[in-house]
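# Observations on the model geometry
Each chain is listed here by its residues.
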Amino acid sequence: DANVFLFVRIARIGSRFVLLLAEDRTEAYRLDEVRRDFVANISHELKTPIGAVGLLADALQAASDDPEQVRRFAKRLTKESDRLARITKEIIELSRLQAADALAKPELVDIDDVVAAAIDHNRVAADKLGISIVSGGDSGAQVYGDEPILVAALQNLITNAVQYSPERSRIGVGVTNSDGIVEISVTDQGAGIAEEDLERVFERFYRVDPARARNTGGTGLGLSIVKHVVQNHGGDVRVWSQVGRGSTFTIRLPEASSATLASMSESAAA
Ligand code: ADP
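Residues numbered from 1 in each chain as written. Predicted model: local features only at pLDDT ≥ 70, side-chain atom pairs only at ≥ 80, totals over all residues. Heavy atoms only, no water.

Under the annotation held in an unreviewed UniProt entry, the protein chain carries the name Sensor-like histidine kinase SenX3 and is attributed to Homoserinimonas hongtaonis. Within the UniProt record for the protein chain, the comment given under Catalytic activity (unreviewed entry) is "ATP + protein L-histidine = ADP + protein N-phospho-L-histidine." According to UniProt, the comment filed for the protein chain under the heading Subcellular location (unreviewed entry) is "Cell membrane". (UniProt positions renumbered as here; feature names shortened; annotations may be inferred.)

Okay, structure coming up:
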């Protein structure tokens, strides 16, 4: 296991020499390693678009007397720089969320408003593909948290559902509220995710099929952002999926009560 530091020492106990093995996996070391991995990932992810921007700029200069080529290179340059902007934005968002263990000022949030806003943000993209997004009736569910951040998280799940679904399919967004847990599910009829990838999709920069995923303009950061948002709200996110049938992502949050507010402000103060 590359994450474990092994210390080997020869010690003398009485008249015997023994070999001591010690393992160090302190929290500080682990966090440091997570940070180093993150920076390495970022450098790797940025290398490709930055390289492409450089090459395209050269090509653009060389093609200056061919308007058709200039137009083509300029278009690709815009696409690469959009991608760079998107990766940068998501990296900043993720590191901000990772830095905050808890929410500074949780407020009462109506989940039905979160659902409506997240669907609205995806409406245009879905309409273009003839995909319908269907949501159940009002649930009346409430949680404590940060509304814009919750909207952004749910929006990510719906954007994925749209991106990884065939044209004219259906996406369902449902809310249930029982036993003090609010569940928001996004179900699609898309390609689904193979079992060996399921656990990994929440990892930073992880994409099931990088070549295909790149075509969708994805960065592989969306689901890790969702995971951090939900964790900061005291909840979790789960996925169920079957290849060829579709996927369901479920965000689970503690229902708003005086107890959840107390425990949230406690962890915010800690
Ligand atoms: P990306 O920016 O690539 O969409 P995410 O972190 O949002 O990154 O998702 C990670 C990977 O999980 C995606 O690249 C895709 O392969 C897979 N994935 C996410 N959501 C779905 C879905 N609804 N259906 C099928 N595959 C999905």
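## Looking at the sheet that holds strand β6 (residues 170–178)
If you walk across this open sheet you meet the 5 strands as β4-β6-β7-β9-β8, and the pairing is mixed. Lying at the two open borders of the sheet, with one neighbouring strand each, are β4 (132–135) and β8 (236–242). Strand-to-strand twist in this sheet, taken as the mean axis angle between neighbours without regard to direction, amounts to 15 degrees. Pairing between strand β7 (residues 181–187) and strand β9 (residues 246–254): 7 bridges, direction antiparallel. Paired with valine 186 across the bridge in β9 is phenylalanine 249. Relative to β9, helix α7 (residues 222–232) is tilted by about 25 degrees, and along the sheet it contacts β8 and β9. (Pairing = 2+ DSSP bridges. Helix = DSSP H or I, 4+ residues; strand = E, 2+ residues; numbered from the N terminus. Axes fitted to C-alpha atoms, helices over the stretch in contact; angles between N-to-C directions. Contact = heavy atoms within 4.5 Å.)

## Details of the layout of surface pockets
Of the pockets and cavities examined, the largest pocket occupies roughly 960 Å³. Around the largest pocket sit 42 residues that line it, and Asn156, Thr159, Asn160, Gln163 and Tyr164 are the ones nearest its centre. Among the elements that line the lining of the largest pocket, the one with the most residues is helix α4 (residues 147–163), at 9 residues. By residue class, the composition of the lining of the largest pocket is 18 nonpolar, 15 polar and 9 charged. (1 Å grid on protein atoms, 1.4 Å probe; cavity = no way out; pocket = protein on both sides within 12 Å on 5 of 7 lines; lining within 4 Å. Points joined across faces, edges and corners; volume = space filled by probe spheres on them. Nonpolar A, V, L, I, M, F, W, Y, C, P; charged D, E, K, R; others polar.)

## Quick word on the site of the ligand
Taken together, 18 residues lie around the ligand, and Asn160, Tyr164, Asp188, Thr219 and Leu223 are the ones closest in. Tyrosine 164 places a side-chain nitrogen or oxygen 2.8 Å from an oxygen atom of the ligand. A distance of 2.8 Å is found between a nitrogen atom of the ligand and a side-chain nitrogen or oxygen belonging to aspartate 188. Protein contact buries 97% of the 530 Å² of open area that the ligand shows by itself. Here the ligand is seated within the largest pocket. Within the residue set of the shell around the ligand, elements represented by two or more residues are α4, α7 and β9. Here the shell around the ligand is composed, by residue class, of 10 nonpolar, 6 polar and 2 charged. (Near = heavy atom within 4 Å. Polar contact = N/O pair within 3.5 Å; in protein donor to acceptor, adjacent residues only side chain to side chain. Areas by Shrake-Rupley, 256 points an atom, 1.4 Å probe, with all protein chains shown as cover. Sits in = over half its atoms within 2 Å of the grid points.)

## Topic: the nonpolar core
Side chains that are nonpolar tend, in soluble globular proteins, to be buried together. Judged by nonpolar contacts, the single largest core of 47 residues is most densely connected at Ile111, Leu154, Leu157, Ile158, Ile184, Ile251 and Leu253. The set of elements that each furnish at least two residues to this core consists of α1 (27–62), α2 (67–99), α3 (111–128), α4, β6, β7, α7 and β9. For this core, the element with the most residues is α4, which contributes 9 residues. The residues contacting isoleucine 184, other than those within four sequence positions of it, are Ile111, Val115, Leu154, Val173, Gly174, Val175, Phe249, Thr250, Ile251 and Leu253. (Core = buried A, V, L, I, M, F, W, Y, C linked by side-chain atoms within 4.5 Å. Buried < 20%, exposed > 50% of the residue type's maximum accessible area, 1.4 Å probe, protein only.)

## Considering a negative patch on the surface
A contiguous patch of negative charge on the surface is contributed by Asp110, Asp113, Asp138 and Glu147. Structurally, aspartate 113 can be placed in helix α3. Here aspartate 113 falls in the partly exposed class, since its relative accessible area comes to 41%. (Patch = residues over 30% accessible without salt bridge, like charges linked within 9 Å, V, L, I, M, F, W, Y side chains within 5 Å. Salt bridge = Lys/Arg side-chain N within 4 Å of Asp/Glu carboxyl O. Lys, Arg positive; Asp, Glu negative; His and termini not counted. Charge placed at Lys NZ, Arg CZ, Asp CG, Glu CD.)

## Comments concerning the environment of valine 114
Relative to the elements of secondary structure, valine 114 occurs in helix α3. You can call valine 114 buried: its relative accessible area is 1%. Linking valine 114 and alanine 99, residues 15 residues apart in sequence, is a C-alpha distance of 24 Å. With sequence-adjacent residues up to four places away left out, valine 114 is seen in contact with Val109, Glu147, Leu150, Val151 and Leu154.

## With respect to the packing of aromatic side chains
Tallying each qualifying case throughout the model produces 1 aromatic pair. Relative to phenylalanine 249, the ring of phenylalanine 202 lies with its centre 6.1 Å away and its plane at 75 degrees, an arrangement referred to as edge-to-face. With a gap of 47 residues between them, phenylalanine 202 in the loop between α5 (195–198) and α6 (210–215) and phenylalanine 249 in strand β9 connect regions that are remote in the sequence. By the burial criterion, phenylalanine 202 is buried, and phenylalanine 249 matches it. The residue whose ring lies beneath arginine 72 is phenylalanine 73, and the NZ or CZ to ring-centre distance is 5.4 Å. (Phe/Tyr/Trp six-rings, centres within 6.5 Å; stacked < 30°, edge-to-face > 60°. Lys NZ or Arg CZ within 6 Å of the ring centre and 35° of its normal.)

## Here we look at α4
The first and last C-alpha atoms of α4 sit 24 Å apart over 17 residues, in line with the 24 Å expected at 1.5 Å per residue. The complete set of buried residues in α4 reads Ile149, Leu150, Val151, Ala153, Leu154, Asn156, Leu157, Ile158, Asn160, Ala161 and Val162. (Expected span 1.5 Å × (residues − 1).)

## Quick word on α2
With 33 residues, α2 should reach 48 Å at 1.5 Å per residue; the first-to-last C-alpha distance of 48 Å fits that figure. Along α2, the positions that sit buried rather than exposed are Phe73, Arg83, Leu84, Ile87, Glu90, Ile91, Glu93, Leu94 and Leu97.

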